[in-house]
Each structure stands twice: as structure tokens, then as C-alpha cells.
Amino acid sequence: MPDQRPNPDELLRRLREEEQRQKRGKLTLFFGAAPGVGKTYAMLQAARRAEHAEDRDVVVGVVETHGRSDTAALLGDLELLPRRSISCHGVQLDEFDLDAALARRPALILMDELAHANAEGSRHPKRWQDVEELLDAGIDVFSTMNVQHVESLNDVIAQITGIIVRETVPDSVLEQAHEIKLVDLPPDDLLERLREGKVYVSGQAQRALENFFRKGNLIALRELALRQTAERVDAQMRAYRTAQGIEQTWATADQLLVAVSPSPYSPRLVRATRRMAAALHARWFAVNVEVTGAKPMSKANQTRLSSNLHLAQQLGAQVVTLAGEDAAQEILRFSRERNITKIIVGKPVVERWRDRVRTSLVDQLVRRSGDIDVYVTAGDAAEQERVPAQKPLRAPLPVWKYLAALAVVLVASGVSYLVFGRQQLPDVVMSYLLGIMLVASRLSLGPSLFAACMSVAAFDFFFVPPFFTFNVGDLRHTVTFFVMLLVAVVISGLTDRIRSQAAASRKRERWTAALYQLSRELAGAQGSRRVLEAGARHLEQVFASKVSIFTAGTDAALARVYASKGQDEALERDASISHWVWTHRREAGLGTSTLPSSNALYLPLLASAGIVGVLGLLPNDPGRFSVLEERRQIEAFATQLALALERAMLAEETERARREIEAEQLRNSLLSSVSHDLRTPLAVITGAASTLLQQPAALDEVSQQDLTKTILEEAERLNRLIRNLLDMTRLESGAVKVRKEWSPLEEVIGSALDRLEARLSGRDVHVELPRDLPLVPFDPVLLEQVLVNLLENAVKYSAGAIEISASRKADEVEVEIADRGPGIPLGQEERVFEKFHREVNERSPSGVGLGLTICRAIVAAHEGRIWARNREGGGAAFHFALPIVGQPPTIPPAEPGLATAAEQVS
């Protein structure tokens, strides 16, 4: 009897999972085939029962009645959680308030429409993520969901209904649900409810009847919902059996398993199982067992096994490959885990004497299957023609290995004779066994068995009287011969098995390392182009093949986006195969049943959201892909590449959307700013100019001068606005080049003050510059623009004195321009440098809001930094720092009595 004691690690894992489940809230999902089947109504009824019968604290988070009076009546006196108002694109939306729910912390909360997408500005983009956070907080949740929102069924739903559902819920959410309650309604009853206006209003109901709510769609959706619920129940049943240690099969539904091997008889066995599964309406599995330590299969057998499993997959089987030392034990273990009710195996075709040497797979399955039915068949009568046996090609005999084994036996004989003689026979036997172990560890099984036989013969010939004959004078030595031969054979067999296992482990390690390297490089690749290059490079190295990758372009046409260097025209000629693979989402080409004459293998790159591309592989060895293990590795690599490519495409799409949103916001900000700030000076200029032209005689000289001055001031204001817009455009386009010169700050400060002399008239400007201020590398023209913009900003927002100061700090020079205005509102110290930002205070003066943005761009081009802060006692101070890089030139000291331009300003 097998050991029935539970695995301690498994018990510990279950305890931890149970502990986590106790801390986490329970999700009850009311699941239906389509809108209108009564999910919300059933949820409210269950909540009512929980409130009254179980005395639970129930709160309504979100419930959408859609105008249904009977559903609204069930809300009754249930506590409604106030919603949070969110502004989205100028529209006020009421959304679920997650923080309020966590603070209220009820025992049970109702969250209708689990797949709902939240408005922008919410904590989570999807409602199911809100539910996850509620569950993590220990709050039970009732929610509703339709089958079309299941992520894994997205493609199937689109194929049935012709509608792509954008709001989906990951399958993991359903798998973690505590309970799924199916709310079912026949299609005819649902259509009647729709016509009566109980699902949608009349206009929407008519459109729904013509599109989504066709009867065929509803039947298919109902079947999907029933199957999804049944699979969930089946998973719960299997989990219960595992937790309770129940090994016997519960035949709640037939599930079939067919054992597939490289045998040429396997295809008809697979077809017979397919017919049996269709008759029973049962799922079926095609299972192959890789026996650990067995001899490697020949290439012909590998090709045949791959073909047999591929046939099973085409016929609808779920193909599974198991690994273990005992094929029957692995098949039965898998059968009990998956609740298999029937196992189908082929009739033995080997000679009868082999069954006497070792028990066949059929006998082992029949004896150990317990309550699982085992069917032994050779297929249907129509397929009884005998498949001609194919004799395997014999490999050339490795003569040198047998000669080496013979040499080891002769050496062991010589050493034993010289060291132990003929009196210490046990030591002689041990010497021979040591030689056999040496041969087994270095050579293959055949030479080691040959060495074992030769050792027994040499022992008899040299050490057992009568000497130098194969006669045995004392029959007691026959026991020694038998034990010696048996031990030698066991040592040879075990050593060969260890060697095979080590070789298999090394091979798996190489594949795992290659897959790990691919996954790591794909994870770090940024952009779809880098992902394609990284994936193709690994595929070329691992599979010794030339690679082509096809993806859909902007016009939805399939185009080759990557090709290996030196690519020949084979893939170009087979471009039509890639379109077939893209359309049908199945592999084609070399080694497949579709267009097998092609020299290349094409695989669909399938990701979570569907197909993202087609992978083409042109191997240097055309027969390489016929090996099953190679095909599995290719599929694993293709899956990793598809997921990484999908991630890169989604990131690029998100970045494009972000840029479009920013561009749209920029356009809106530009239009709102420019439309007002350009229209105002133009209106003033137009009015003043028309007055001068139409009423020159009625105006005295002072009025004419005032109007002329107004025109000039508004024209200068308009010129500044246009100049700022042009400067910002030139800076962002990279048209402005920084030409650094070693210059004194005093000169550029004096030049900026001269430019603003008219605007600074009547203002006190205090300049404080130390005499030992060093030369600084900067572009004088651009830095003057920075100072002018900062001074204009100070003039706009303050009426008092303006202070300019500079100081050296480490390897940079810091300049400060301060005023005593209203200061900067808290939290807006960084925002004042953003484009079109003007809301600094309540009396925001006119302007496009680009002056400080231009300052930041120029300072950044100098590799400096700029920031703003509020001053103690009121006012704002703008600082910028320029780095001092390199050795400044030496200049002679200034003559006594001379002052700098800045020192002359008062």
C-alpha cells in the first residue's frame, strides 16, 4: 500500500492559505449570461436575507437599478453609501467612494457591475480592483457580472456576437471568489423581458434586439455561462478531494485519458478516444509519459510522437506531458488529480516472453487503477489493418568502448594476481567490481555489461581451480559467480540510469537557462523594436534558425518587421503562410499539417488580448522541429515573446495616448490663453487707431499723445506675447543652441536692467554683487532673456522694491531676484514654471504664462537649476544656479575708479 501520510509541506501550505482566507473577505459573485437575467435582483434578495436572517451589517456601495421599479423596491431601507463626485473632461460624475467604504467598514457591501470602468481620477481604473481592496480589508462583497466580461472568453465572445467587449475582469478574480451563484434565464424569457422594457428603455431595447440580443447569441452566451460555472464547481470539487486526501475518482462527469506513445498504432487509438469522448460529451486528455532514466528516443520516434500528440490536439484533446520513473504511476496520479473516469490504452504488440520478464503498462494500469475504468483497444474494426513495423536503424557498434572495457578487466586481473594472488579471492572479487564500476561511470551500458561478463569469466579462468580453464572444481564458486554478475549488472544499470538522469537534468538546465535569459532580457527591453530584436537574437542562437517576425501595421496589413541577417527569399515566398497563421491563429509550415512543404515554421504570437504577431523560423536543419521537445521549447519562447511584445505595444499605445492628451491640453491652454491675451491688445490698438483716424479734429494734442502712447504700449505687450510663444517653440524644437562664453554676471545683469529701464522707472532696484564673483560660462543672450523674464514677473506681481543678488556656492553661482509682492500660493512653487500657468493669485495679470517656462528651459540648457520660494515677511524669490565647469580665463584687474555696468544702476 502506498504511504497515506500527508505531506508536511502540503499541510503547511494549506494552513497558510486557510489563514489568509480567514483574514480576507469573501466574494460572492452573481453570474449571468447577459444583462437582464436578474443578477442585481438576486443579489439584493440575498443581501436582504443576510441582513434579517444573519443580522449582518449590509451597506449598498453601488447598485444600478436601470429604472427597474421592482429592483429599486428591494433597496428599501438598506443603507446607501454616499458617492464621490469626480470631474472628468468637464463633466461631474458620481463614483464609488472607496475611502468612505473602508472607513465605514461594514460586514457586507454590495458592488454591482464588477467589470465597470471607473472615471479618471479614481484610485483604481476598474471596479474589480476596488473590490480587491475591500476584500483585503476583510469586508465581504456581493457583486454581479456577465459572462462576456470574463477576460479569457473575450475572443470567443467577439467571434459569437461580433462585438469586442472592452470592460473585462481577470479570470483570477473569479477563481478567488468564495461562491459563484448562477442566475439563469431562458433566451425566450429574456427576449420577452427586453420587449416589455424591463431591461432597457424602448429605443435601446430595439437596438439591442437587432444586435447583441439575438437569440443565437443568447443561447451561446448561456452555454458559456453554464460551462464557466460548471468548471468552477469542478475545481471546487477537486480542491475538496485534494484537501480531504480522497484519491478515488468521483464520476460526476466522464473524463477520458488516452496514453500516447511513439507507436504507429497511437493515431488510431487517439481517433477512437475522440469518437468515444464525442459520444459521451466528455473532455479528454492525451498523455505522454517521459520515463526518467530511459534510453533517449530515436529521432524517428520523436517525430512520430510529436505527430501523434499534434493529431490529438487537432482533434480537441488537452495534451499533457508527464515525467517520472514509473509511467503507470504517473498516469494514475494524473487521473486521480483530474478526476478521470476512463483510461484508454493500446493492446500490447510485443512478444509474450517480454511480459514474463517485466509487467506491461496495461497490466500495471489494470491492477492499480482501482475504481477507474481501463479500456484496452486497438481501434475500430475499420482500422484493423496491421501497421508494418519499422525496424530501428542500428547505430554503429562502438568497438573502442568494448576494447577499453576488456582492457580494464585485464588490468584488474593483473593487479589482483600481483597484489592478492589466488588465496584472497574476496579481495579479487572487489577489484573486479571496482573495474566494472569504473567502466560503468565512463562508458555506456553495453560496455559495462560486457565488462561484467568478462570479469566473471576472467575470475573463473585465472583464480578458480582448475586454473586457466573455465571448469569449476568447487560448485560453491558458482554462487560467487552469480552474485558477482548480479552486483555488476546492478551497478551498471544504476550508473547508466544516473548518467541518463544527469544528461536530462543538464539538458533541462540549458533550456531553463535559455528561457530565463530570454525572459530577463525581454523584461528589460523598452519598446517593441527592442523586444523583437532581443527575442529574435535568442531564437537564432538557441534554435540555429533564421527568424522573421510579422506584425500588423497602422493600416492593419501584416508586414514583416524583423528579419535575420542574410535572410534568403524562402520566407518572402512563404509570406502568404504568415497571413494564414494570423487569420486562423494556428501554426503552419514545416512539420505541421498545414502547408507542410514550406521550409519554415510559422507560429502565432498569442498574448492575453489575442494575436500580436507571427513568428517565422527557418532552421538550418529541416528535421530539427520534428522533435517534440524542440517544439515545446519553441512554443515556450514564442509565448514569452508574445507577452513581452504585447506589453511593449501597450506601453507605446499608452505613451501615444498620453502625448495626445498632453497635446490636446496644450492646444486648449494655448487657445484659451492666446485668444484672450492677443485679442485684448489688438482691441485696444484698433480702438485707439480708429479714434485717431475718425476724430482727429476733436482731439487735443495731449489726447492724441495718450492714444499714441497706448497704441505703442499695447503693441509692445503684443510683441512680448508673440516673442514668448516663438521663444518657447524654438526652445522645444531644439533650434536654439547654447553658446557659452566666460562672462561676468555684472554685465548681463546691467544689460537686462537697461532693457527694462522704462518698465522699472519709479521702482527701487537693489543690486548686491560681491566683488570677487568669478566668471561664469553661459550664453549672454539667453541668460539676459532669463533675467528680463524674471524681472518682468517681479514687476507684474509686486509694487515695491526688487532685489537682485548673487553668490558663489561650491562649483556654481546662484542668482536671486526677490520682491515683496503677495508671494506664491502653497504647493504651487513648481507649477509656476509650467506652460500657461498663470493662477498665481486672485488678481492674475494678463500674460500667456510662458515667461517662467522659458526661464526653466534656458537654465536647463545650461545644465543649471531654477526654483522659487516664498520670502519671510512676504514676497517671492526666484533662484537659478549655473555650474562653473572648467578653468576660467585670467583677466587683468579693473582700474581704480571704474565701476561695472551693474554697479552704475541705482
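Residues numbered from 1 in each chain as written. Predicted model: local features only at pLDDT ≥ 70, side-chain atom pairs only at ≥ 80, totals over all residues. Heavy atoms only, no water.

### Comments concerning the overall build of the chain
Within the chain one finds 27 helices and 25 strands. Taken across its 906 residues, the chain has 41% of its residues classed as buried. Taking the contacts inside the chain whose residues are at least 6 apart along the sequence as the reference set, 69% of them involve residues at least 24 apart. When the accessible surface of the chain is summed, it comes to about 49,900 Å², and 54% of that surface belongs to carbon and sulfur atoms. (Helix = DSSP H or I, 4+ residues; strand = E, 2+ residues; numbered from the N terminus. Buried < 20%, exposed > 50% of the residue type's maximum accessible area, 1.4 Å probe, protein only. Contact = heavy atoms within 4.5 Å. Areas by Shrake-Rupley, 256 points an atom, 1.4 Å probe, with all protein chains shown as cover.)

### What to know about the pattern of salt bridges
Evaluation of the coordinates by the stated rule reveals 23 salt bridges. Residue Arg 56 pairs with Asp 140 through a salt bridge whose shortest N-O separation is 2.4 Å. Here the residue Arg 56 occupies a position in the loop between helix H2 (39-53) and strand E2 (58-62), and Asp 140 occupies one in strand E7 (residues 140-146), the gap between them amounting to 84 residues. Among the residues examined, Arg 56 registers a relative accessible area of 22% and is labelled partly exposed. One salt bridge in this structure joins Arg 871 and Glu 803, with 3.1 Å as the shortest N-O distance. Remark: Glu 803 occurs in strand E22 (residues 802-809) and Arg 871 occurs in the loop between strand E24 (865-870) and strand E25 (876-883); sequence separation between them is 68 residues. (Salt bridge = Lys/Arg side-chain N within 4 Å of Asp/Glu carboxyl O.)

### Considering the packing of helix H25 (residues 745-755) against helix H26 (residues 780-797)
It is the contact of H25 with H26, at a shortest axis distance of 9 Å, that shows an interaxial angle of 50°. As far as their axial angle goes, H26 and H25 are oblique. Crossing of H25 over H26 shows right-handed handedness. Side by side, H25 and H26 meet where Leu 745, Val 748, Ile 749, Ser 751, Ala 752, Leu 753 and Arg 755 of the first sit next to Pro 780, Leu 783, Glu 784, Gln 785, Leu 787, Val 788 and Leu 791 of the second. For the contact of H25 with H26, a count of residues per class yields 10 nonpolar, two polar and two charged. (Axes fitted to C-alpha atoms, helices over the stretch in contact; angles between N-to-C directions. Parallel < 35°, antiparallel > 145°, perpendicular 65-115°, else oblique. Left-handed = near helix turned anticlockwise from the far one by under 90°. Nonpolar A, V, L, I, M, F, W, Y, C, P; charged D, E, K, R; others polar.)

### Observations regarding the side chain of Asn 288
For Asn 288, the location among the structural elements is in strand E10 (residues 283-291). We classify Asn 288 as buried; its relative accessible area is 5%.

### A short note on the sheet that holds strand E18 (residues 610-619)
The strands making up a sheet associate through backbone hydrogen bonding, with each pair oriented either parallel or antiparallel. Taken in spatial order, the five strands make up an open sheet running E15-E14-E18-E17-E16, and their pairing is antiparallel. The sheet is open, and its two edges are formed by strand E15 (558-563) and strand E16 (588-589), each paired on a single side. (Pairing = 2+ DSSP bridges.)

### So, the confidence of the model for the chain
On average, residues of the chain score 78 in pLDDT, and 82% of them reach the 70 mark or higher. Note on residues 381-393: pLDDT under 50 across the span, and 11 contacts to partners over four residues away in sequence or across chains. In the model, residues 896-906 has pLDDT below 50 throughout and makes 11 contacts with residues more than four positions away in sequence or in other chains. (pLDDT = per-residue confidence, 0-100.)

### A closer look at the sheet that holds E2
In spatial order, the strands read E3-E2-E6-E7-E1-E8; together these six strands make up an open sheet with parallel pairing. Both edges of this open sheet fall to strand E3 (79-80) and strand E8 (179-182), since each of them pairs with a single strand only. Pairing between E2 and E3: two bridges, direction parallel. Bridged to Val 60 within E3 is Leu 80. Packing against the sheet, H2 makes contact with strand E1 (27-32), E2, strand E6 (108-111) and E7, and its axis sits at approximately 165° to E7. Here helix H5 (residues 127-136) sits on the sheet in contact with E1, E2, E6 and E7, set at roughly 175° to E6.

### Re the side chain of Ser 545
Among the structural elements, Ser 545 can be located in strand E14 (residues 545-552). You can call Ser 545 buried: its relative accessible area is 6%. From its side chain, Ser 545 meets the backbone oxygen of Phe 543 in a polar contact 2.8 Å long. (Polar contact = N/O pair within 3.5 Å; in protein donor to acceptor, adjacent residues only side chain to side chain.)

### Quick notes on the packing of helix H13 (residues 327-337) against helix H15 (residues 361-368)
Direction vectors running N to C along H13 and H15 enclose 40°, while the axes themselves pass 9 Å from each other. It follows from the interaxial angle that H13 and H15 lie oblique. Note on packing geometry: the crossing formed by H13 with H15 is right-handed. Here Ala 327, Ala 328, Gln 329, Ile 331, Leu 332 and Arg 336 of H13 lie close against H15, whose contacting residues are Leu 361, Gln 364, Leu 365 and Arg 368. Among the residues forming the contact of H13 with H15, the class breakdown is six nonpolar, two polar and two charged.

### Re helix H12 (residues 299-314)
Between its terminal C-alpha atoms H12 stretches 22 Å, which fits the 22 Å expected from 16 residues at 1.5 Å a residue. Inspection of H12 places Gln 302, Arg 304, Leu 305, Ser 306, Asn 308, Leu 309, His 310, Leu 311 and Ala 312 among the buried residues, and these make up the whole buried set. (Expected span 1.5 Å × (residues − 1).)

### Topic: the nonpolar core
Membership of the largest hydrophobic core comes to 43 residues, with the highest contact counts inside it found for Leu 745, Phe 878 and Phe 880. The dominant element in this core, judged by the number of residues it contributes, is H26, at nine residues. If near-sequence neighbours (up to four positions away) are discounted, Phe 878 is found in contact with Leu 790, Asn 793, Val 815, Glu 816, Ile 817, Ile 824, Val 832, Phe 833, Leu 852, Trp 867 and Ala 868. (Core = buried A, V, L, I, M, F, W, Y, C linked by side-chain atoms within 4.5 Å.)

### Notes on the environment of Gln 364
With respect to the helices, strands and loops of the structure, Gln 364 is situated in helix H15. For the pair Gln 364 and Ala 328, spaced 36 residues apart in sequence, the C-alpha separation works out to 6.2 Å. When neighbours within four sequence positions are excluded, Gln 364 is seen to be in contact with Asp 326, Ala 328 and Thr 359.

### A few points about the pairing of E1
Burial of E1 is extensive: six of the six residues sit out of reach of the surface. Both faces of E1 are covered, namely the face carrying Leu 27, Leu 29 and Phe 31 and the face carrying Thr 28, Phe 30 and Gly 32. Where E1 meets E7, six bridges bridge the pair, whose relative direction is parallel. Residue pairing across strands places Gly 32 opposite Asn 146, the latter belonging to E7.

### Quick word on the packing of aromatic side chains
According to the stated counting rule, one finds 11 aromatic pairs in the structure shown. Relative to Phe 450, the ring of Tyr 402 lies with its centre 5.5 Å away and its plane at 70°, an arrangement referred to as edge-to-face. Residue Tyr 402 is located in helix H16 (residues 399-419), and its partner Phe 450 is located in helix H18 (residues 445-463); the two are separated by 48 residues in the primary sequence. Assessed through its relative accessible area of 24%, Tyr 402 is described here as partly exposed. Assessed through its relative accessible area of 27%, Phe 450 is described here as partly exposed. With centroids separated by 5.2 Å and ring planes inclined at 80°, the aromatic side chains of Phe 543 and Phe 637 adopt a geometry described as edge-to-face. Pair noted here: Phe 543 is in helix H20 (residues 528-543) and Phe 637 is in helix H23 (residues 628-694), with a separation of 94 residues, a long-range link. Overall, Phe 543 belongs to the buried group, its relative accessible area being 0%. Of the residues examined, Phe 637 reaches a relative accessible area of 1% and is grouped as buried. (Phe/Tyr/Trp six-rings, centres within 6.5 Å; stacked < 30°, edge-to-face > 60°.)

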